[in-house]
Amino acid sequence: MSRLANELTIGIDIGGTSVRAAVVDAEGTMLDTLRAATPPTATALEHCLDRLVSELRDRWTVHAVGLAIAGFLSPDRQTVRFAPHLAWREVAVPAEMTQRWGLPVFAEHDANSAAVAELHFGAAARGHNTLVLALGTGIGAGMLMGGEIYRGSFGVAPEFGHIVVVPDGRPCGCGKHGCLERYCSGTGLVDTVVELLAQSEPGHSVLAAESQADPGSLTGRRVAAAAAEGDPIAVAAFASLARWLGQGMAMIADVFDPDLIVIAGGLGAASGLYLDEAREHYTTMVTGAGHRQLARIRPTQLGESAGVIGAAKVAELGLAALAEATAYPGGHAQ
Ligand SMILES: [Zn+2]
């Protein structure tokens, strides 16, 4: 494996809004980064990836590409089955891109990629059974059991964003009501603010005038900035998020008993606004509280770069696995 240690790989995080690409070294350092808006069609997306990879390869010698994809992959990660915000449907993306670029290409679910990055270079470094919850537009989850990604039986585990924390709560795109994602993602946070504004006195919050003037201006990021300045509605919205996040983590811990939970995603950077309170709710709500060891709960160390750094690591690990398969065909290394 040491032969590969100094080789560079490209990681590409393909989200519903933007595509981020970076050349990453073996220490997880990004040496060169590019960003583009996510194109709406599969053809345009593939051309966009061609352009990003080609531009980075003009400047660096790289040996593989890893793709972090916000969608469902087949268990062998050779096919993108479905992605709610991307145009690929049952497409053998790694094989197609390997052919286009003449480089080995590996794919991974985006939350798993973030978990891999946090494990090797970030907040999950000392975790054994670790849950990474990415609070972004939605909620992504990656689970590491004994340091290995847990993929379930059919490659789609885990979807913790869709455990129900509020019976008969807000409707969710998955068909259920009251999913964790509808309360603890950036989108859920904005919905909470809208609900609170409807119940509050006019002029009570700076967000009231802003959202009236431009409803699109109300984003998770804006609510976080307002909460940091002490806006009462934004602070109350984060208190609500903390409550449901604490409950959600307690439910997950009842099933999985992790030793570490890492809060990542866009809201991971704002964890100072809610994490202590969420931890208190978690501590109160987890079954057997006071009589069991509780998971440590930490914010991300890699922020929104976790996906792209993880994708590059996935490429490095994929290359190493290929090298091993070539050295020991039909068997495994002793
Ligand atoms: Zn749902």
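Residues numbered from 1 in each chain as written. Predicted model: local features only at pLDDT ≥ 70, side-chain atom pairs only at ≥ 80, totals over all residues. Heavy atoms only, no water.

Our working rule: UniProt positions are given in the numbering used here, feature names are shortened, and annotations may be inferred rather than shown by experiment.
If you look the protein up in an unreviewed UniProt entry, it shows as ROK family protein from Gordonia alkaliphila. The Sequence similarities (unreviewed entry) comment attached to the protein in UniProt states, word for word, "Belongs to the ROK (NagC/XylR) family."

**Quick word on the overall build of the protein**
Note the threshold: Secondary structure elements are taken from DSSP: a helix is a run of H or I of four residues or more, a strand is a run of E of two residues or more, and numbering for both begins at the N terminus. What the globule rule says is 2.2 Å times the number of residues to the power 0.38, and the radius of gyration is computed from C-alpha atoms. Classification of residues uses two cut-offs on accessible area relative to the type maximum, computed with a 1.4 Å probe and protein chains only: under 20% is buried, over 50% is exposed, and between them is partly exposed. Only heavy atoms enter the contact rule, under which two residues are in contact if any of them lie within 4.5 Å. Areas reported as accessible are Shrake-Rupley estimates using a 1.4 Å probe. Residue values count occlusion only from the protein chains shown. The positive count covers Lys and Arg only, the negative count covers Asp and Glu only, and His and the chain ends enter neither. Positions of charges follow a simple convention, taking NZ of Lys, CZ of Arg, CG of Asp or CD of Glu.
Along the protein, the regular secondary structure elements total 10 helices and 13 strands. Computed over the C-alpha atoms, the radius of gyration of the protein is 21 Å, within 12% of the 20 Å expected from 2.2 N^0.38 for a compact globule of 334 residues. Dimensions of the protein, computed from the C-alpha atoms along their principal axes, are close to 65 × 50 × 35 Å. Looking at the protein as a whole, 50% of its 334 residues are labelled buried. The long-range share in the protein, meaning contacts at least 24 apart out of those at least 6 apart in sequence, stands at 64%. Surface summary for the protein: the accessible area is close to 15,200 Å², and the carbon and sulfur share equals 54%. Averaged over its 23 positive side-chain charges, the protein has a centre that lies 2 Å from the centre of its 35 negative ones.

**Considerations on the packing of aromatic side chains**
Definition in use: Ring pairs shown here join Phe, Tyr and Trp side chains whose ring centres sit within 6.5 Å, with only the six-membered ring taken for Trp; geometry is labelled stacked below 30 degrees between planes, edge-to-face above 60, and tilted in between.
Taken as a whole and judged by the stated rule, the model has 3 aromatic pairs. Taking 5.8 Å as the distance between ring centres and 5° as the angle between the ring planes, the aromatic pair formed by F238 and Y274 counts as stacked. Linking F238 in helix α8 (residues 232–256) with Y274 in the loop between β12 (260–264) and α9 (275–285), this pair joins segments that are 36 residues apart in sequence. Of the residues examined, Y274 reaches a relative accessible area of 1% and is grouped as buried.

**Notes on the coordination of the zinc ion**
Threshold: Counted as donors are the N, O and S atoms within 2.8 Å of the metal, or 3.2 Å for Na, K and Ca, while water is not among the atoms, so some sites may look incomplete. Only four donors with every angle between 85 and 135 degrees are called tetrahedral; only four or six donors with opposite donors over 155 degrees apart and all others between 65 and 115 are called square planar or octahedral, in that order; all others are irregular.
Surrounding the zinc ion are the protein donor atoms H162 (ND1), C172 (SG), C174 (SG) and C179 (SG), at 2.0 to 2.3 Å. With 4 donor atoms in place around the zinc ion and angles of 102 to 120° between them, the coordination shape is tetrahedral. For the zinc ion, the donor residues sit on a single chain with the sequence spacing H-x9-C-x1-C-x4-C. In this structure C172 comes out as buried when scored by relative accessible area, which is 10%.

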